[in-house]
Amino acid sequence: MIIETIKMRHSTRRFASHVLSEEEKSRIIEFFKSLPSLHSRRLDWQLRDLGKGSGTIFAACMDKPNCLVEYGFQGEIIVLELTKQNYASCWNAGIKETAAPAGIVIGKEEPGKFSINDLITNMGRRKELSSLVEGTLPEDERFLQILEACRLAPSSLNRQPWRFAFHNNELYIWTKPSILGEHHWIELGIALSHAFLVAQEFFTRVIIEKASGDRYRLVIK
Ligand SMILES: Cc1cc2nc3c(=O)[nH]c(=O)nc-3n(C[C@H](O)[C@H](O)[C@H](O)COP(=O)(O)O)c2cc1C
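What you see is a predicted model; the values in this text were computed from it and never measured.

**Things to note about the domain arrangement of the protein chain**
Examined at the domain level, the protein chain breaks down into domain 1 (2-116) and domain 2 (126-220). Centre-to-centre, using C-alpha coordinates, domain 1 lies 21 Å away from domain 2. Across the boundary between the two partners, domain 1 contributes 20 residues, which contact 19 residues of domain 2. Broken down by secondary-structure element, the contributors of at least two residues to the side of domain 1 that touches domain 2 are helix H1 (2-8) and helix H3 (65-84).

**Let's talk about unusual backbone geometry**
One non-glycine residue with positive phi stands out, namely Asn 86, at about 70°. With respect to the element layout, Asn 86 can be found in the loop between H3 and strand S4 (88-92). Of note, Ala 99 is a non-glycine position whose phi angle comes to about 65°, a positive value. Residue placement: Ala 99 occurs in the loop between S4 and strand S5 (103-109). The exposure class of Ala 99 is exposed, given the 11 C-beta atoms found within 10 Å.

**Some remarks on the nonpolar core**
Membership of the largest hydrophobic core comes to 54 residues, with the highest contact counts inside it found for Ile 146, Cys 150, Ile 173, Ala 191, Leu 192 and Ala 195. Sorting elements by how many residues they give to this core places helix H6 (residues 185-202) first, with 11 residues. Excluding residues within four positions of it along the chain, Ile 173 makes contact with Cys 150, Trp 162, Phe 164, Ala 191, Leu 192, Ala 195, Arg 215, Tyr 216 and Leu 218.

**Observations regarding the site of the ligand**
Surrounding the ligand, one finds 20 residues, the nearest of these being Trp 91, Thr 121, Gly 124, Pro 154 and Asn 158. Secondary-structure elements contributing two or more residues to the shell around the ligand are S4 and H6. Taken together, the residues of the shell around the ligand break down into 8 nonpolar, 10 polar and 2 charged. For the shell around the ligand, the domains that each give at least three residues are domain 1 (2-116) and domain 2 (126-220).

**Let's talk about the pairing of strand S10 (residues 216-220)**
Relative to S10, strand S8 (residues 170-175) is paired through 3 bridges, and the arrangement is antiparallel. The partner of Ile 173 across the bridge, within S10, is Tyr 216. Bridge analysis of strand S9 (residues 206-210) against S10 gives 5 bridges, and the strand direction is antiparallel. When the sheet's bridge partners are listed, Lys 210 is paired in S10 with Tyr 216.

Parameters at a glance
Residues numbered from 1 in each chain as written. Predicted model: local features only at pLDDT ≥ 70, side-chain atom pairs only at ≥ 80, totals over all residues. Domains from an automatic or database assignment. Contact = placed C-beta atoms within 7 Å. Helix = DSSP H or I, 4+ residues; strand = E, 2+ residues; numbered from the N terminus. Buried ≥ 20, exposed ≤ 12 C-beta atoms within 10 Å, placed from the backbone. Core = buried A, V, L, I, M, F, W, Y, C linked by C-beta atoms within 7 Å. Near = placed C-beta within 6 Å. Nonpolar A, V, L, I, M, F, W, Y, C, P; charged D, E, K, R; others polar. Pairing = 2+ DSSP bridges.

Given below as structure tokens:
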């Protein structure tokens, strides 16, 4: 079940020294070709050694909401696939590759170590689901699991900017801008990927579409 992988994933900031073999690299790069898309947009994902972990995954992406949401969506699907394959990872906002809004550092975890960023981000603690949902929580256990998967999504500085609402069997997902008006498009895409993957295990046809404003809607057919 994908929810187990979602629960297992955490940001790793201390990596053991591990050089990716050619076979490992090809397997990872091959996976990029099978990525689903939210806006029918292909991103040219690369895996390079940028001096962190065993490698960093990134793509060029225009600084536009749709592209950034897509970036989070596809990037997190890569993260979860690598988690399944026993790689550790950490999204990284500080990479310098041209036009890449963030990178995903991957490798093998150095156990038992934590860093200052673990403390700054409150050791990854999450808000209560009820504080993120507008209106009432769904009664259907499957939608509760989808929401739980979204709640566990990673976010820059562990801000957890998501908001959710549930009406007529449709789940609405959006992010609350910061007081400086900063949007969290990548995080929106990340939460949508969690919702999409978990919903696919419960329902045969799952669609994510844009709703009004900056909201997305998960529709079950
Ligand atoms: C877009 C994005 C950028 C991030 N950038 C960094 C970063 O530059 N450095 C870092 O240590 N963690 C970074 N993180 C990881 C978050 O701090 C982490 O996801 C959050 O604290 C929750 O912890 P968890 O991933 O262990 O569940 C980033 C996460 C996201 C989604």
